[in-house]
Amino acid sequence: MKKLNILKFTFFAITLFSLNSISLFAQQIDNSKSYTQFNALTTITNNGISIIPTFSLGKPAGIVELAVGKRFTFEPQFRFSLEGKPWSVLLWGRYKLLKKEHFNLNVGAHPAVAFKTTTNTIDGVTKEIISSHRYLATEIATNYSIIKNVSVGLYYLYSRGLEESANKNNHFLTFNSTFSNIKLSENYFLKFNPQIYYLNIDSKDGIYCSSGLTLARKKSPFSLQTFVNKIITTNISTSKDVVMNVSLLYSFSKKYMLVE
């Protein structure tokens, strides 16, 4: 596998396709109604899994994700173990660059801090030490709706570690799909999100597959989700063959009209 050549070609292909789409289909913004959207998602899980599913906390975790805005959104994410120790903080800024009937293109960037707890023994006394690593990241996300409730997309994330001990160059490229509103009964439905992805960390790489299955009830803010990640091939030493979890989710969404 020609690692970086494949990655660069795919990234530039996404970028060129997106820019071409923008030039052909200029977005017309509807200013007839002014409002601000506020969304919140809280997750409690038996095993915290990162945005890159190869990495997990390995213990129960809580995740709080907020989003405020309309076309440009500010989306902070706070991740922590249920022991009360910090896991990571991400401060996303995202922009809906293109929104058409069947095709969406979003871009985003964030600073982040990842925390790691280690133990150290000094003079016979063992203490826990929480260290931090800073990252800067950017993303491109595309989504194409094939038919109602079925869509596919490409997602690319690049992050750069700022500390000497952090991974310097991290490339995460996914081909994902979504099958939503899979009806089980009048009140219950499923959402299925399989994906295959390529991960490159400082020239070590791997190919993985993962999938999420969500059970939800109409008009209920609660849902139940299970997630599984599996190695296809990799030489990244920290990768586990199988990573999985079960999570309880609570979502909240409101629109606030701007009053002049």
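Above this note sits the structure.
Values in this document were obtained by computation on a predicted structure and should not be read as measured data.

J.: An account of the environment of Tyr 198 is needed here, citing residue identities and associated values.
T.: Examined against the element boundaries, Tyr 198 turns out to sit in strand β9 (residues 188-201). Spatially, the C-alpha atom of Tyr 198 lies 5.2 Å from that of Leu 173, the residues being 25 residues apart in sequence. Within the structure, the side chain of Tyr 198 is placed 3.0 Å from the side chain of Asp 205, a separation counted as a polar contact.

J.: Report on the layout of surface pockets, specifying residues and quantitative values.
T.: Quantified by volume, the second largest pocket comes out at close to 1,200 Å³. Around the second largest pocket, the lining comprises 39 residues; the ones closest to its centre are Ser 50, Phe 55, Trp 87, Ala 114 and Tyr 135. Per-element tally for the lining of the second largest pocket: the top contributor is strand β5 (residues 103-122), with 6 residues. Looking at the lining of the second largest pocket residue by residue, the class counts come to 17 nonpolar, 14 polar and 8 charged.

J.: An account of the nonpolar core is requested, with residue identities and associated values reported.
T.: Counting 17 residues, the largest nonpolar core has Tyr 155, Leu 157, Phe 172, Leu 199 and Tyr 208 as the members making the most contacts within it. Those elements that place two or more of their residues in this core are β4 (86-99), β6 (125-147), β7 (150-161) and β9. The contacts of Leu 157, once residues within four sequence positions are left out, are Ile 51, Ile 52, Trp 92, Ala 137, Thr 138, Glu 139, Asn 170, His 171 and Phe 172.

J.: Quick one: what's the story with the sheet that holds strand β8 (residues 169-183), residue by residue and with numbers?
T.: What the 12 strands build is a closed barrel, ordered β1-β2-β3-β4-β5-β6-β7-β8-β9-β10-β11-β12; its pairing is antiparallel. Pairs of neighbouring strands in the sheet enclose a mean axial angle of 20°, with direction left out of account.

J.: Quick rundown of the side chain of Ser 151? Include the residues and the values.
T.: Position of Ser 151 relative to the elements: it lies in strand β7. A relative accessible area of 12% places Ser 151 in the buried class. At 3.4 Å, the side chain of Ser 151 forms a polar contact with the side chain of Asn 143. If near-sequence neighbours (up to four positions away) are discounted, Ser 151 is found in contact with Asn 143, Tyr 144, Ser 145, Ile 146, Asn 176, Ser 177 and Thr 178.

J.: Go over unusual backbone geometry, please, and point to the residues and values.
T.: Backbone geometry at Ser 203 places phi at a positive 75°, although glycine is not the residue there. Mapped onto the elements of the fold, Ser 203 is located in the loop between β9 and β10 (204-217). For Lys 219, which is not a glycine, the phi torsion comes out positive at approximately 65°. The residue Lys 219 is located in the loop between β10 and β11 (222-234) in this model. With relative accessibility at 89%, the residue Lys 219 sits in the exposed group.

J.: With reference to specific residues and values, describe the pairing of strand β1 (residues 35-45).
T.: Within a regular strand, the side chains alternate between the two sheet faces. With 11 bridges connecting them, β1 and strand β12 (residues 242-257) associate as antiparallel partners. If you follow Thr 43 over to β12, its bridge partner there is Leu 249.

J.: An account of the packing of aromatic side chains is needed here, citing residue identities and associated values.
T.: Evaluated as defined, the whole model comprises 6 aromatic pairs. Summarising the aromatic geometry, the rings of Tyr 155 and Phe 172 are spaced 6.2 Å apart at their centres and angled 70° between planes, so their arrangement reads as edge-to-face. Here the residue Tyr 155 occupies a position in strand β7, and Phe 172 occupies one in strand β8, the gap between them amounting to 17 residues. Its relative accessible area of 12% is what places Tyr 155 among the buried residues. Taking 5.0 Å as the distance between ring centres and 10° as the angle between the ring planes, the aromatic pair formed by Tyr 197 and Tyr 208 counts as stacked. On the criterion of sequence distance, the pair formed by Tyr 197 in strand β9 and Tyr 208 in strand β10 is long-range, its members being 11 residues apart. Three or more aromatic residues link up through ring pairs in this structure, and these residues are Tyr 155, Phe 172, Tyr 197 and Tyr 208. Arg 79 extends its terminal NZ or CZ atom over the ring of Trp 87, reaching a point 5.6 Å from the ring centre. Residue placement shows Arg 94 over the ring face of Trp 92; its charged tip is 4.0 Å from the ring centre.

How each quantity is defined
- Residues numbered from 1 in each chain as written.
- Predicted model: local features only at pLDDT ≥ 70, side-chain atom pairs only at ≥ 80, totals over all residues.
- Heavy atoms only, no water.
- Helix = DSSP H or I, 4+ residues; strand = E, 2+ residues; numbered from the N terminus.
- Polar contact = N/O pair within 3.5 Å; in protein donor to acceptor, adjacent residues only side chain to side chain.
- 1 Å grid on protein atoms, 1.4 Å probe; cavity = no way out; pocket = protein on both sides within 12 Å on 5 of 7 lines; lining within 4 Å.
- Points joined across faces, edges and corners; volume = space filled by probe spheres on them.
- Nonpolar A, V, L, I, M, F, W, Y, C, P; charged D, E, K, R; others polar.
- Core = buried A, V, L, I, M, F, W, Y, C linked by side-chain atoms within 4.5 Å.
- Buried < 20%, exposed > 50% of the residue type's maximum accessible area, 1.4 Å probe, protein only.
- Contact = heavy atoms within 4.5 Å.
- Pairing = 2+ DSSP bridges.
- Axes fitted to C-alpha atoms, helices over the stretch in contact; angles between N-to-C directions.
- Phe/Tyr/Trp six-rings, centres within 6.5 Å; stacked < 30°, edge-to-face > 60°.
- Lys NZ or Arg CZ within 6 Å of the ring centre and 35° of its normal.

Note that all results are geometric; they support no functional claim without further evidence.
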